[in-house]
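# Examination of the molecular architecture
In case you want the letters, here they are:
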Amino acid sequence: MTVNGAPCSSRKLKAKEGDLVRIDVPEPETLDVEPENIPLDIVYEDDDVLVVNKPAGMVVHPAVGNLTGTLVNAIMYHCGDRLSSINGVVRPGIVHRIDKDTSGLLMIAKNDNAHVSLSRQLFEHSITRRYLAIVRDNIKEDEGVIDVPIGRDPNNRLRRAVNGIGAKRAVTHYRVLERFGKFTLIECRLETGRTHQIRVHMAYRKHPLLGDTVYGSKDQPFGLNGQMLHAAVLGFVHPVTGEYMEFRADPPEKFREILEKLRSGQVR
């Protein structure tokens, strides 16, 4: 960017009337997304929908700098051209997402009609989504509701924040399953589905997720590389049959190992 022919940083720009500001916009990068033969943990599949159990560490869809090894690469190989086109070539079939380091259930639309139906259910908050999470410290109450809006963090584009930029209503219902002194196992039910919702809400309540260095402590006990969050239950009305279907997936091995250590009293 230049101002009156001189280079200028956008952070230092103090334009005044009559200044000539020139901004050079680079050509957009074309994402060449290719199918990849990556094993999928398929929980359910028919001609309209696919339900998969995504492992922690897998990104849902490609982006610049991260074009391979994603769930989209895997489902493109598995489904071929039998995926909805509503979200374009980068996110074929993707109706909703979970974070890279969150494991668990995702529904994929195999045609546009299924995509419209599932998206409408998400908009109407009728999809059942229950997560297991291990959080820091002891939650005293047995259950509760967090109803505070979430938007973009004004200081960090990679984070979300309570009452951030463009905040929208976000509602998380939680209940305690087990207490371990320094940690608590909870189940969270999403009424809304904002980006990083559970992570932001639990950090707001001073109970950040174990392993979440973005919203919690940089300390990483148990050698973790991400938050202990698992999408364990997913339920929706089938877009063709009208039947309510509900699926469950056990948490991954690392999640279970930590629970065993906590239950055995190795960590207090």
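Note: the structure precedes this text.
Residues numbered from 1 in each chain as written. Predicted model: local features only at pLDDT ≥ 70, side-chain atom pairs only at ≥ 80, totals over all residues. Heavy atoms only, no water.

It is worth spelling out the overall build of the protein chain at this point. Within the protein chain, the secondary structure is distributed over 4 helices and 15 strands. Overall size of the protein chain, expressed as C-alpha extent along the three principal axes, is 70 × 45 × 35 Å. By the burial criterion, 44% of the 268 residues in the protein chain qualify as buried. Once local pairs closer than 6 in sequence are excluded, the contacts in the protein chain between residues at least 24 apart make up 63%. Counting only carbon and sulfur atoms, one obtains 47% of the accessible surface of the protein chain, whose full area is about 14,600 Å². Computed over 37 positive and 35 negative side-chain charges, the inter-centroid distance for the protein chain is 8 Å. (Helix = DSSP H or I, 4+ residues; strand = E, 2+ residues; numbered from the N terminus. Buried < 20%, exposed > 50% of the residue type's maximum accessible area, 1.4 Å probe, protein only. Contact = heavy atoms within 4.5 Å. Areas by Shrake-Rupley, 256 points an atom, 1.4 Å probe, with all protein chains shown as cover. Lys, Arg positive; Asp, Glu negative; His and termini not counted. Charge placed at Lys NZ, Arg CZ, Asp CG, Glu CD.)

Within a beta sheet, neighbouring strands are joined by backbone hydrogen bonds and run either parallel or antiparallel to one another. The strand order across the open sheet built from 3 strands is 2-1-3, with neighbouring strands paired in antiparallel fashion. One side of each edge strand has no neighbouring strand; the edge strands of this open sheet are strand 2 (6-7) and strand 3 (21-22). Sheet topology places strand 1 (residues 2-3) next to strand 3; 2 bridges connect them, and they run antiparallel. Across the sheet, residue Thr-2 finds its bridge partner in strand 3, namely Arg-22. (Pairing = 2+ DSSP bridges.)

All right, on to the packing of aromatic side chains then. Geometry of an aromatic ring pair is reported as the spacing of the ring centres plus the angle between the planes. Overall, the coordinates contain 3 aromatic pairs when judged by the stated rule. By the ring-pair criterion, three or more aromatic residues cluster together here, those being Tyr-44, Phe-236 and Phe-247. (Phe/Tyr/Trp six-rings, centres within 6.5 Å; stacked < 30°, edge-to-face > 60°.)

Its 12 residues give helix 2 (residues 112-123) an end-to-end C-alpha distance of 16 Å, which sits within 8% of 16 Å, the value for a rise of 1.5 Å per residue. For helix 2, the complete set of buried residues consists of Ala-114, His-115, Ser-117, Leu-118, Gln-121 and Leu-122. The arc that holds the buried residues of helix 2, viewed along the axis, is 165°, so those residues lie on one side. Counted as exposed and oriented over 90 degrees from the buried face of helix 2: Asn-113 and Phe-123. The elements touched by buried residues of helix 2 are strand 5 (49-54), strand 6 (103-109), strand 7 (128-136) and strand 14 (229-237). The opening residue of helix 2, the one whose side-chain oxygen lies 3.3 Å from the backbone nitrogen of Asn-113, is Asn-111. Directly after helix 2, the chain includes His-125, whose backbone phi takes a positive value near 60°. (Expected span 1.5 Å × (residues − 1). Arc of directions from axis to C-beta. Polar contact = N/O pair within 3.5 Å; in protein donor to acceptor, adjacent residues only side chain to side chain.)

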